[in-house]
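Listed below, chain by chain, are the residues.
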Amino acid sequence: MPVHKFTNSLINETSPYLLQHAHNPVDWHAWNKETLALAKKENKLLLISIGYSSCHWCHVMEHESFENEEVAAVMNKYFISVKVDREERPDIDQVYMNAIQLITGRGGWPLNCVALPDGRPIWGGTYFPKDNWINALEQLAKLYEETPGKAIEYAEKLTEGVKNSDLVAFNTKKEAFTLVDLDKSVKEWQQYMDVDLGGRRGAPKFPMPNNYQFLLNYAVRSGNDEILNYVNTSLTKMAYGGIYDQIGGGFSRYSVDAKWHVPHFEKMLYDNGQLVSLYAEAYQATKNELYKKTVYHTLEFIERELTTKEGAFYSSLDADSLNSEGKLEEGAFYVWTQNELKTILGKDYDLFADYYNVNYYGLWEHDNYVLIRKNSDDEIAKKHVISIAELENKVVSWQKILLMERAKKERPRLDDKSLTSWNALMLKGYVDAYTVFNEPRFLEAAIKNATFIYTRQLQEEGNLNHSYKNDKSTINGYLEDYATVIDAYISLYEATFNETWLNMAKQLTDYTFDHFFDIESSMFYFASNQDANLIARKMEIEDNVMPASNSIMANNLFKLSHYYSNSYYLKVSEQMLRNVKDKTQQNGSGYSNWLQLLSNFVGDYYEIAISGKDALNQLKEINQHYIPNKLIAGSTKKSNIPLMEGRFNENETLIYVCVDGACQLPENNTKNALSQLKIKF
């Protein structure tokens, strides 16, 4: 066992991020009532430092400042220093990120905020070089010691700003949602679209899965080929890019350049879960083989590197790992030199180098190459006069060989906690992949994870916990946990017709009304009413890399209102959408999951109910088709779900297609049933 010069109270935590700081000379504390009481007792400012385990600049600041005894002396003398894992405590992160954005106009991690002993913020920012950090802290300590009234005045104003930001008013207007609303949002959005390289214009480039899910829906239903081409360009360039691990599968967080080439190398579960859903849906709509390969390859990565024995999913892999000289370096695990590749691949090198651009196009820095594709398999096969089948076999062989070679390197650190919300996003990815590709092992993984959430994270009182590690379920869940699990369970029901999952989705929904719902605004708070109060109780409204928990809930309520003939659910869903409608017009990209809901209120929305002994086979046939404006219910026996009641026939499997409570004549043939659907607006 190594002997450490310093150990602080973070040694008792389970978060990998907090444990990384347990041997800093800084006297770190975790966020808890004892820490807050200590700050009040000693009348010391709180220094709240927030990050996550795979955050590159968090590591840089730790090495430069938090491992430095000179810096630690200043922090320990004047402050009660609190380390927060933003993934474990997104509620704390929301509040202080909001404060930092009000102070500096931007946000990011590491997030460093100084607050009064009661938690009200007075100052902050993101990454600070060591000397700037010491200087700022000494000035703040002096301010609080000599003119505490001024510090309190700052805090009062800033806290008021935090409380008032993101407030959502109850919208009393009742006009109908229209296609014009959708068109307006997309038209405003188009000015930011990079039609040549995909994604948003410029750099960095983030894969925003929900953006493309909505735009695919919109493009198909409105017949807009321009938007469909943009979606296909974006998905193709991402799958060709260095942001996608061409050897091991799976996507990195984002690319630092405009062509999706050099990623910020950490791999996050939530990105990959959503991207699997996106590429599966895109395959369903386009039958593009690249999208299918991307799904299968990404799920191989998830199974190999982020899945536990009990079917839970780990959180992330770090961007940094040890290079050949034993130093931590971003991307060291993933990059290759020409000499390495020539030695490993031998006579195949020239073909490989052309396929993956081991040339000026794929060069990153020094002699390091980040593999990136530029041409399709067809183009490469023609150029090198080989068959597509031969090329595809070579690609699979290269991936196996280089994966074995890469395994000899020092691996990036694993964040081995399992977060309920992120697990639910990956669970939905598996369900969507099964729905489209009918691959039994995808369904097995989905059911195993859904069972893990049900048996480990759902508590006796009906609440979900947020985090799981070392056989311990901890931290009362946030709205994002409920919203994503409800969504995933509805999808799992649609894929299996096992009513346990749908009934559980309803049970969790009713729990959120009891503990998260604000009747005045008809929106949901992010944190439960059972949690200790922070300086503000926030609502998550804007869709980001993950959709906002409120937008997921609004979509859930829309679906559940149909399954359970529940007019209250529908009324709340519609009101939530009305509350943000103006924002959807001004910023489509930031409200794309709300726009998914808006598209369901525009044009026909179908209930497809399949009842009878052959229901699951009929379902498989229907799932070959991209139908974004529908939900599916089904049973192979009698069912008590309102949408299925009275529909079971012992002798025949029938498909019912309904819109707004009006049903067409049932069909026993999927082709005839599908002919009743109108996808276009």
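Here the structure is shown first, and the text comes after it.
What counts and what doesn't
Residues numbered from 1 in each chain as written. Predicted model: local features only at pLDDT ≥ 70, side-chain atom pairs only at ≥ 80, totals over all residues. Heavy atoms only, no water. Salt bridge = Lys/Arg side-chain N within 4 Å of Asp/Glu carboxyl O. Helix = DSSP H or I, 4+ residues; strand = E, 2+ residues; numbered from the N terminus. Buried < 20%, exposed > 50% of the residue type's maximum accessible area, 1.4 Å probe, protein only. Pairing = 2+ DSSP bridges. Expected span 1.5 Å × (residues − 1). Bend = angle between axes of the 7 residues up to and from the residue. Polar contact = N/O pair within 3.5 Å; in protein donor to acceptor, adjacent residues only side chain to side chain. Axes fitted to C-alpha atoms, helices over the stretch in contact; angles between N-to-C directions. Parallel < 35°, antiparallel > 145°, perpendicular 65-115°, else oblique. Contact = heavy atoms within 4.5 Å. Nonpolar A, V, L, I, M, F, W, Y, C, P; charged D, E, K, R; others polar.

> Help me understand the pattern of salt bridges in this model?
Oppositely charged side chains can form a pair if their charged atoms are brought close together. Taken as a whole, this structure holds 33 salt bridges when the rule is applied. Among the ionic pairs, Glu 175 bridges to Lys 581, the shortest N-O distance being 3.5 Å. One end of the pair, Glu 175, is in the loop between helix H7 (148–164) and helix H8 (179–190); the other, Lys 581, is in helix H22 (residues 567–586), and 406 residues separate them in sequence. The closest approach of N and O atoms between Asp 415 and Lys 417, which form a salt bridge, is 2.7 Å. Each member of the pair, Asp 415 as well as Lys 417, carries the same accessibility label: buried.

> I would appreciate a short explanation of the pairing of strand E4 (residues 111–115) in the present structure.
A regular strand places its side chains so that they alternate between the two faces of the sheet. Along E4, five of the five residues are buried, which leaves the element largely enclosed by surrounding structure. Of the two faces of E4, the one carrying Leu 111, Cys 113 and Ala 115 and the one carrying Asn 112 and Val 114 are both buried. Where strand E2 (residues 45–51) meets E4, five bridges bridge the pair, whose relative direction is antiparallel. When the bridges of E4 are listed, Leu 47 appears paired with Val 114. Pairing geometry for E4 and strand E5 (residues 121–125), over four bridges, is antiparallel. Counted as the bridge partner of Val 114 is Trp 123 from E5. Counted between consecutive antiparallel strands, the loop separating E4 from E5 contains five residues, among which Gly 119 sits at a positive phi close to 95 degrees.

> Would you mind showing me how to read H22 here?
Residues separated by three or four positions in an α-helix point in the same direction, a consequence of the helix having 3.6 residues per turn. The end-to-end C-alpha separation of H22 is 30 Å, in line with the 28 Å expected for 20 residues at 1.5 Å each. At Val 580, H22 shows its maximal kink, close to 50 degrees. Within H22, the full set of buried residues consists of Tyr 569, Val 572, Ser 573, Gln 575, Met 576, Leu 577, Arg 578, Asn 579, Val 580, Lys 581, Thr 584 and Gln 585. Between the side-chain oxygen of the N-cap and the backbone nitrogen of Tyr 568 there are 3.0 Å, and the N-cap of H22 in question is Asn 566.

> Would you explain the packing of helix H6 (residues 130–146) against H7 in this entry?
Geometry of a packed helix pair, given as the angle between the helix axes and the separation of the axes. Following both chains from N to C, one finds H6 and H7 inclined at 110 degrees, their axes separated by 5 Å at the closest point. Classified by the interaxial angle, the pair formed by H6 and H7 is roughly perpendicular. Here Leu 143, Tyr 144, Glu 145 and Glu 146 of H6 lie close against H7, whose contacting residues are Pro 148, Lys 150, Ala 151 and Tyr 154. Of the residues in the contact of H6 with H7, the class split is five nonpolar, no polar and three charged.

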